[in-house]
Amino acid sequence: MTTATPPVIHPDTRRTSDRVPPGQKLVSGWPVLTAGDTPFITKKQWRFTVGGLVETPLEFTWEQFLALPAATLRCDLHCVTTWSRLDMTFRGVLHTEILARCRPKPAAKFVMVLGEPGYSTNVPLADFARPDTMFAYEYEGGPMPVPHGGPVRDLIPHLYLWKSAKWATGVEFMAEDRAGFWEERGYHMRGDPWKEERYRDDPVYRNRF
Ligand SMILES: Nc1nc2c(c(=O)[nH]1)N[C@H]1C(S)=C(S)[C@@H](COP(=O)(O)O)O[C@H]1N2
Ligand SMILES: [Mo]
């Protein structure tokens, strides 16, 4: 039997206009943005690994992952390509559940979230550890659609959406920040939509966009 945790729902009662970060436009659909091909991963093949600077490295099969306490998250998504979508409902495993089981070492300050095929994105541990972040396997009551990262995708909704790895396969805890897939190509190391942290402002990247 699995222990039920209270759903984490964050109904946002602010006016719609106060929920749209600067430079963003509301959309009603959910655009798909993928660099490269969409991987099709069966639940049998699927594995999720947690490693790097942790006391207890973890590996989950699909059944083991589903047996973890689940929560519901209602959130807004903000993509650096300027679309935002409000009030989306997901279900999955909160990052806090993973953190409680792997126990990051004190030296861990950043994570690299990994996704197929060869995707990665770096996030400060403080952002990854927020209670409103999760590895999600359901969207609006159904399985996570494959183009959106099913079977399991990451969700860090308070940062731009490229920080949310689709087809998530694991997370690595690190002492130092290291650039992931898009960050190597000039996207911001943190990516806060409210500060419009879209691109790195180091001189080598400044003129690329
Ligand atoms: N594995 C993987 N994850 C990924 C991407 C990708 O190409 N591969 N694209 C990122 C980018 S740039 C964005 S904007 C969002 C898009 O998510 P969506 O297609 O569900 O809207 O996924 C992010 N996660
Ligand atoms: Mo993106």
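Residues numbered from 1 in each chain as written. Chains lettered and ligands numbered in written order. Predicted model: local features only at pLDDT ≥ 70, side-chain atom pairs only at ≥ 80, totals over all residues. Heavy atoms only, no water.

Student: Could you give an account of the packing of aromatic side chains, naming the residues involved and the relevant values?
Tutor: One pass over the structure, following the stated rule, counts 19 aromatic pairs. Between W62 and Y137 the ring centres are 6.2 Å apart and the planes differ by 70 degrees, which places this aromatic pair in the edge-to-face class. Here W62, found in helix α1 (residues 62–66), pairs with Y137, found in strand β8 (residues 134–139); they are 75 residues apart in sequence, far enough to count as distant. In this structure, W62 and Y137 share a single accessibility class: buried. (Phe/Tyr/Trp six-rings, centres within 6.5 Å; stacked < 30°, edge-to-face > 60°. Helix = DSSP H or I, 4+ residues; strand = E, 2+ residues; numbered from the N terminus. Buried < 20%, exposed > 50% of the residue type's maximum accessible area, 1.4 Å probe, protein only.)

Student: Lay out the site of ligand 1 in plain terms, naming residues and giving numbers.
Tutor: As a matter of local geometry, ligand 1 sits amid 19 residues, with P31, A35, H148, R153 and K166 nearest to it. Side-chain polar atom of W30 to an oxygen atom of ligand 1: 3.1 Å apart, as the coordinates give it. One of the side-chain nitrogen or oxygen atoms of R153 is found 2.6 Å away from an oxygen atom of ligand 1. Partitioning the shell around ligand 1 into residue classes produces 13 nonpolar, three polar and three charged. (Near = heavy atom within 4 Å. Polar contact = N/O pair within 3.5 Å; in protein donor to acceptor, adjacent residues only side chain to side chain. Nonpolar A, V, L, I, M, F, W, Y, C, P; charged D, E, K, R; others polar.)

Student: How would you summarise unusual backbone geometry if you had to cite specific residues and measurements?
Tutor: Residue E116 is joined to P117 through a cis peptide bond whose omega torsion reads -20 degrees. Following the sequence through the fold, P117 ends up in the loop between β6 (110–115) and β7 (119–124). Here G150 and P151 are connected by a cis peptide whose omega angle stands at 10 degrees. Mapping P151 onto the fold places it in the loop between β9 (142–143) and β10 (153–155). Backbone geometry places T82, a non-glycine residue, at a positive phi of 90 degrees. Here T82 lies in the loop between β4 (71–78) and β5 (83–94). Even without glycine at this site, D87 takes up a positive phi of about 55 degrees.

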